[in-house]
Structure formats: structure tokens, C-alpha cells
Amino acid sequence: MPSSLSDLKDSSWLARGPVDPAAFHDTLLTVDTHVDIPLDFATAAVDPGKRGEAQVDLIKMTEGNLNAAFFIVYVGQAERNPQGYKKAYEEAVTKFEAIHRMAETMYPDQIELATSVRDIKRIRRNGKLVALIGLENAFSVGTDLSRVDDYYERGLRYAGFAHFGHNDMADSSRGLERLGDKETEHEGLSALGKDYLASLNRLGIMADVSHSSQAATLDVCRLSTAPVIASHSGVKGIYDFYRNLSDEELVAIKDTGGVVQIVAFDTYLKEPPAEKVEAVTNLREKHNVSAATWPTLSKEDKAVYQTALEEIHKIWPRASVSVLADHIDYAVQLIGIDHVGIASDFGGGGGIDGWMDASQTPSVTQELLARGYSRRDIKKIWGGNLLRVMRDVERRADK
Ligand SMILES: [Zn+2]
């Protein structure tokens, strides 16, 4: 393990003159491992080819040189009963189809779906944006592991275990009271979760531990036959929050040869002041906003809520790109430059001061340069490491 952060930062480029951050950023292959999409994504209502309210669209990706994004097939955890499983699967399929529709029907001249590292490189050479697919919450797999093969055929290349709330595969880093979750249900991975992991390894789908409990994360790292990723997490060493990774988890991921994608999520990066928490809580109550009610609110109600929320952020600012870099520094210092990357969680609550949408992506590169990371290091952080892991997972697949 490196003795200090300064050992890891190659500043030899300084001798060759200053780097223009914007010009350098445009030379990078940038990969964002977590972009959430709504159920009506890639329709007239949420058109990725038009400049809209979404933090990620094709225009903003191009403007910010955000080249590749994992679009996420997410479903919320609900009751584990036949209706719950059925709805989760239907929503997952809707999202898979939306991502294909964007890339294959709506904007094939601008973006293409990649299912391998070779694809990613070829698509970039052709000057197009790259879409990839990740799964958040294996609830949509239910208890039927043949669905993993189904999802692989639909383009899935990384897959998580739980979201908020335990499921049949694994314990979450936070159980849900409304679903009757106890502190732990499986003490980590369940027997089914272990078989699910084996399916991911067999097919060459990266296993993602973000949102899982520490015990589940350590189980995945111990049992996986291929490198493991955390697709969007912060580090507890900077902010001890349940969604962040402990040093033990960071080291376990590194020991698989994997990568930790540090997430630009305000409330995971720094603790908000109590007054802000109270103001947001009151606002949510006033507008009846919760994870459960959000999908049922009208566009107008959501807009009113968002505007009021922005006023709160003006009083107590969000975490900045500098705080994101603090988490990156910590992870680099503990597990090395080859095991750290970046994720936005745009569309899923992500967004920090300086990086509120895909068009502002260069500010992250600028911050890393200002901290003394070499161009070689930044290439690794922005996608080199993730691509190495993805290639390694592909090679170890047993198809
Ligand atoms: Zn998430």
C-alpha cells in the first residue's frame, strides 16, 4: 500500500508546461457508471435527443464530453409477493426497452449500445456516444435466475444486489421499516444471492456491491471469481454514512482487482447541517414527497417541490466537486489509483455544486488536475480502471 497520497501523484507533466483542463478533458474517454432513467424514458415525454430538464441527455453529454454512461434498470423494493415480483420484472423490461429504443430507433446516429470493451472503443472511434446497461436492485430478477440470462441478452453488463430494503438475494445497507425489514435477514448474501453471483460470473456481468450491507459486500468479494465493482458509493473514511464503504470493504473490492466508483451524491458526500435536514423534512411533508409517493406525483407538483428544494440548497449549499475529490483522494490513498473511478447518479438524486448535469463534466477533471493528479491517473479514474475491470470480467466469463 502506498505510504502517502503524494507518492501516487505523478507531477512530471508540470515540467512540460501547464495543461489546459478543457482541452485535456476532451481527449479523455469518460465513463459514468450510474445514470438513472424514468419509466417513460426515450418517449416524447423524456426525449434524450432534446435539451430537457434531465441531467443527462445526448446534448449535455456531448457538451461535457461525457462519452459513455451506464443507463440503469432500477426498480424500487416492494413487497415480495407475486404481484410485487411481476411489477418489478415489467418495469425492468420497460427500462431495457427504453435504452434500446434510444440507441437503436431514436438516435442510432448519435449513440450506440455497447456490450463489451471492444464495442466501447469502436463506438468512440466512430465519434458516437456509448450507452451501457446496469441493473440496480435484483428484486426484478425475483427468484428466477434464468432472468439473468434474459437480461444479459438484453445487454446487461453490471448488476447490483439490493437497493434500499432487503431482498431475496442480499441484505441492504438500509432495511425498510415499511416492508418489515429487520437489521439483517441473510447475514450477507442468501443462498440464492450466491447462485445469482455465480450466474453473473458465468455470463461476464460485473457484480456491483453499491447499496448492499457490509456483510453482503464482503461475501460478494470473497465468493466472486471475477473483479467486483461498487458502481456508485462514497467512503466512510470521509463521511461515516450507511451508503458509503468502510475501509474493510474498499480493501476487499481492491483485492478482487475491482474498482470503486465514487458517487457525486450530495447527502452521501457530506453531512448536511441539522437546519437543512429539518427544512427538507418539512418540505417533503408539505408536498407529501417520499420514495413511495414520488412516482405518483404530477409533473407540476414535482416542479413546485423541486423549485422550493433549490431555495433550500441556496441557503445550505450542496457538496462541491472538491468534496467529491476528497472521497476520491481517500480511496486512492487507501487502495491505489488503479481501483477508483467516478459515477454521477444523475437522475437518481446525484448532482453536486460544479457537476449538476452532464454538460458540467469538465469541472471534475479540472479539480483532479488542480489536486496534482497526472493525466495518466485521470485517464484511469475517468474510465481506464472500469474498462480494465470490465475486460477482466469478460475474459473470466464461461459462456
Ligand atoms: Zn443508487
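Everything that follows concerns the structure shown earlier in this document.
All figures in this text were calculated on a predicted structure; none of them were measured in a lab. (Residues numbered from 1 in each chain as written. Predicted model: local features only at pLDDT ≥ 70, side-chain atom pairs only at ≥ 80, totals over all residues. Heavy atoms only, no water.)

Colleague: Help me understand the coordination of the zinc ion in this model?
Modeller: Octahedral metal centres with six donors ideally show angles of 90 or 180 degrees, and tetrahedral centres with four donors ideally show 109.5 degrees. On the protein side, the zinc ion has Glu136 (OE), His211 (NE2) and His232 (NE2) as donor atoms, found 2.1 to 2.2 Å from it. Read in sequence order, the donor residues coordinating the zinc ion give the pattern E-x74-H-x20-H. One end of the pair, glutamate 136, is in strand S4 (residues 129-136); the other, histidine 211, is in the loop between strand S6 (206-208) and helix H8 (214-223), with 75 residues separating them in the sequence. With respect to class, glutamate 136 is no different from histidine 211; both count as buried. (Donors = N, O, S within 2.8 Å, 3.2 Å for Na, K, Ca; no water. Helix = DSSP H or I, 4+ residues; strand = E, 2+ residues; numbered from the N terminus. Buried < 20%, exposed > 50% of the residue type's maximum accessible area, 1.4 Å probe, protein only.)

Colleague: Help me understand the pairing of strand S1 (residues 31-36), please; the structure alone is not making it clear to me.
Modeller: In the case of a regular strand, side chains alternate between the two sheet surfaces. Counting buried positions along S1 gives 6 out of 6 residues, so the element sits mostly inside the fold. Across 4 bridges, the pairing between S1 and strand S2 (residues 68-74) is parallel. Its bridge partner being in S2, valine 31 is matched across the sheet by alanine 68. Between the parallel elements S1 and S2, the chain passes through helix H3 (residues 58-63) in a crossover that is right-handed. (Pairing = 2+ DSSP bridges. Right-handed = clockwise from strand over helix to strand, strands pointing away.)

Colleague: What is the right way to read the packing of helix H4 (residues 82-106) against helix H6 (residues 146-153) from this model?
Modeller: The relative placement of two packed helices is expressed as an angle between their axes plus a distance between the axes. As a packed pair, H4 and H6 sit with axes 11 Å apart at the nearest point and diverge in direction by 15 degrees. By the criterion of interaxial angle, the relationship of H4 to H6 is roughly parallel. For the pair H4 and H6, the crossing hand works out as right-handed. For the pair H4 and H6, the contacting residues are Tyr89, Ala92 and Phe96 in the first and Arg147, Asp150 and Tyr151 in the second. Class assignment of the residues belonging to the contact of H4 with H6 gives a composition of 4 nonpolar, no polar and 2 charged. (Axes fitted to C-alpha atoms, helices over the stretch in contact; angles between N-to-C directions. Parallel < 35°, antiparallel > 145°, perpendicular 65-115°, else oblique. Left-handed = near helix turned anticlockwise from the far one by under 90°. Contact = heavy atoms within 4.5 Å. Nonpolar A, V, L, I, M, F, W, Y, C, P; charged D, E, K, R; others polar.)

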